[in-house]
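Observations on the model geometry
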Amino acid sequence: MNVEPYGADEESAAVLRTVGRVIKMCREREGMTQAVLGTAIRYSEEQVSSVERGRRAPTESFLEAADRVLDAGGLIAGLKADVEKARFPKKVRDLAKLEAEAVEICAYDNSVVNGLLQTEEYLRAVFGSRRPAFSEDEVDRLVTARLTRQEIIGGPHAGTAFSFVHDEAALRRPVGGKMVLRRQLERLWEVGHMRNVEIQVLPLDSEDNSGLDGPFHLLRLKDGATVGHSDIQLVSRLTSDRREIQILELRYGIIRAQALTPRKSLAYIEKLLGET
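Small disclaimer: the values here were computed from a predicted structure and weren't measured.

This paragraph deals with the nonpolar core. Of all hydrophobic cores here, the largest spans 32 residues; its most connected members are Ile153 and Phe164. Where this core is concerned, the elements lending two or more residues are helix H6 (90-101), strand S2 (102-109), strand S3 (161-167), helix H10 (178-191), strand S4 (197-202), strand S5 (216-221) and helix H12 (262-275). Sequence-distant contacts of isoleucine 153, defined by excluding residues within four places in its chain, comprise Leu116, Leu117, Phe162, Phe164, Val191, Met194 and Val197. Ile23, Ala65, Leu79 and Val83 belong to the second largest nonpolar core, which has 21 residues in total.

Take a look at the structure:
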């Protein structure tokens, strides 16, 4: 079992600090100030300073330009893979790795649309509503991480089976405004027609809902193991405890039975689109 507090990621911070020190050493070796380097690579002095202090993850273009201007011989550009991994919080990297190994992913959501299905503008609105507020850099980083995770649907992972059950409340909440919600519903309707994806809706007028305790995921892996994941308030939690997995599997099976069938759910989403 693994329990990780929200936002805890010293591993990523250590990588970014190391990258920053390497850039600083190369810059000082060339006798450049941060302002001069920034001008040469078309970044502000503040951005260069943030990178060197490990507070900001440098972009690929930043690393390539710095490597060229500082005549680093590939030393700085060679850090791109390390920075790319460190760009995302550890909990996101761990989850993305498990999702890539899964043969089936099941998810129940009752507050917002599942993260693997969110449009970019919808997820920006989700992250933007967080309090205390994320900085713009943090929002950009989280958005990029979420969009990267979404690549698992389709493409080389088309063999993975996906099952999503949404409480109707999640599909009616106008996160980001009416037009953002409309485009999000269109995305659900589109993905719901993919052969490896099933989307179900649990109507608000249903008297039975076994998912009132909150959202959760089940990831069935290639080796036969199953991992559960929940991300509620300040805690992101992965579990492989057999007793907990048994409860989550039982609960998900009942939730699916309580929801509309995939075919009726797509018709229901189309109905919601007509109302939006």
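Another point: the packing of aromatic side chains. If you walk through the whole model with that rule in mind, you get five aromatic pairs. An angle of 65 degrees between the planes, with centres 4.9 Å apart, marks the rings of tyrosine 43 and phenylalanine 62 as edge-to-face. With tyrosine 43 in the loop between helix H2 (34-41) and helix H3 (45-52) and phenylalanine 62 in helix H4 (residues 60-69), this residue pair connects regions lying 19 residues apart in the sequence. Residue tyrosine 43 is classed as partly exposed on the basis of its relative accessible area of 21%. Put simply, the rings of Tyr108, Phe216 and Tyr252 pair up and form one aromatic cluster. A cation sits over an aromatic face here: lysine 271 above tyrosine 268, 5.2 Å from the ring centre.

For the rest of this paragraph, the subject is the packing of H2 against H3. When two helices pack together, you describe them by how their axes are tilted relative to each other and by the distance separating the axes. Close contact between H2 and H3 brings their axes to 8 Å; oriented N to C, the two are set at 110 degrees. On the basis of the axis angle, H2 is roughly perpendicular to H3. Where H2 abuts H3, its residues Gln34, Ala35, Leu37 and Gly38 lie against Glu45, Val48, Ser49 and Glu52. Among the residues making up the contact of H2 with H3, the classes are represented as three nonpolar, three polar and two charged.

Once that is clear, we can look at helix H1 (residues 10-29). With 20 residues, H1 should cover 28 Å at 1.5 Å per step; its first-to-last C-alpha distance of 28 Å lies within 8% of that length. Among all positions in H1, only Ser12, Leu16, Val19, Gly20, Val22, Ile23, Cys26 and Arg27 are buried. All buried residues of H1 fall inside an arc of 160 degrees around its axis, so they share one side. Of the exposed residues in H1, the ones pointing more than 90 degrees away from its buried face are Glu10, Met25 and Arg29. Glycine 31 occupies a position one or two residues after H1 and carries a positive phi of about 70 degrees.

Attention shifts here to the pairing of S3. The buried fraction of S3 amounts to six of the seven residues, a majority that puts the element mostly inside the structure. Relative to S3, S2 is paired through six bridges, and the arrangement is parallel. In the sheet register, tyrosine 108 faces S3, and the bridge partner there is valine 165.

Now for unusual backbone geometry. A cis amide bond links arginine 131 to the next residue, proline 132, at an omega of -5 degrees. Located in the positive-phi region is arginine 42, a residue other than glycine, with phi close to 65 degrees. Even without glycine at this site, aspartate 71 takes up a positive phi of about 50 degrees. Note on placement: aspartate 71 falls in the loop between H4 and helix H5 (80-86). With relative accessibility at 58%, the residue aspartate 71 sits in the exposed group.

Next up on the list: the pattern of salt bridges. Enumeration over the complete set of coordinates arrives at 19 salt bridges. One salt bridge connects glutamate 104 with arginine 220, and the closest N-O pair in it is separated by 3.0 Å. In this pair, glutamate 104 sits in strand S2 while arginine 220 sits in strand S5, placing the two residues 116 residues apart along the sequence. The exposure class assigned to glutamate 104 is partly exposed, which follows from its relative accessible area of 24%. Shared partners join several salt bridges into a network, and the residues in it are Glu168, Arg172, Lys271 and Glu275.

To continue, consider the environment of glycine 274. In this structure, glycine 274 sits in helix H12. Along the backbone, glycine 274 and valine 143 are 131 residues apart, and their C-alpha atoms lie at a distance of 28 Å.

Here is what the cut-offs are and how they apply
- Residues numbered from 1 in each chain as written.
- Predicted model: local features only at pLDDT ≥ 70, side-chain atom pairs only at ≥ 80, totals over all residues.
- Heavy atoms only, no water.
- Core = buried A, V, L, I, M, F, W, Y, C linked by side-chain atoms within 4.5 Å.
- Buried < 20%, exposed > 50% of the residue type's maximum accessible area, 1.4 Å probe, protein only.
- Helix = DSSP H or I, 4+ residues; strand = E, 2+ residues; numbered from the N terminus.
- Contact = heavy atoms within 4.5 Å.
- Phe/Tyr/Trp six-rings, centres within 6.5 Å; stacked < 30°, edge-to-face > 60°.
- Lys NZ or Arg CZ within 6 Å of the ring centre and 35° of its normal.
- Axes fitted to C-alpha atoms, helices over the stretch in contact; angles between N-to-C directions.
- Parallel < 35°, antiparallel > 145°, perpendicular 65-115°, else oblique.
- Nonpolar A, V, L, I, M, F, W, Y, C, P; charged D, E, K, R; others polar.
- Expected span 1.5 Å × (residues − 1).
- Arc of directions from axis to C-beta.
- Pairing = 2+ DSSP bridges.
- Salt bridge = Lys/Arg side-chain N within 4 Å of Asp/Glu carboxyl O.

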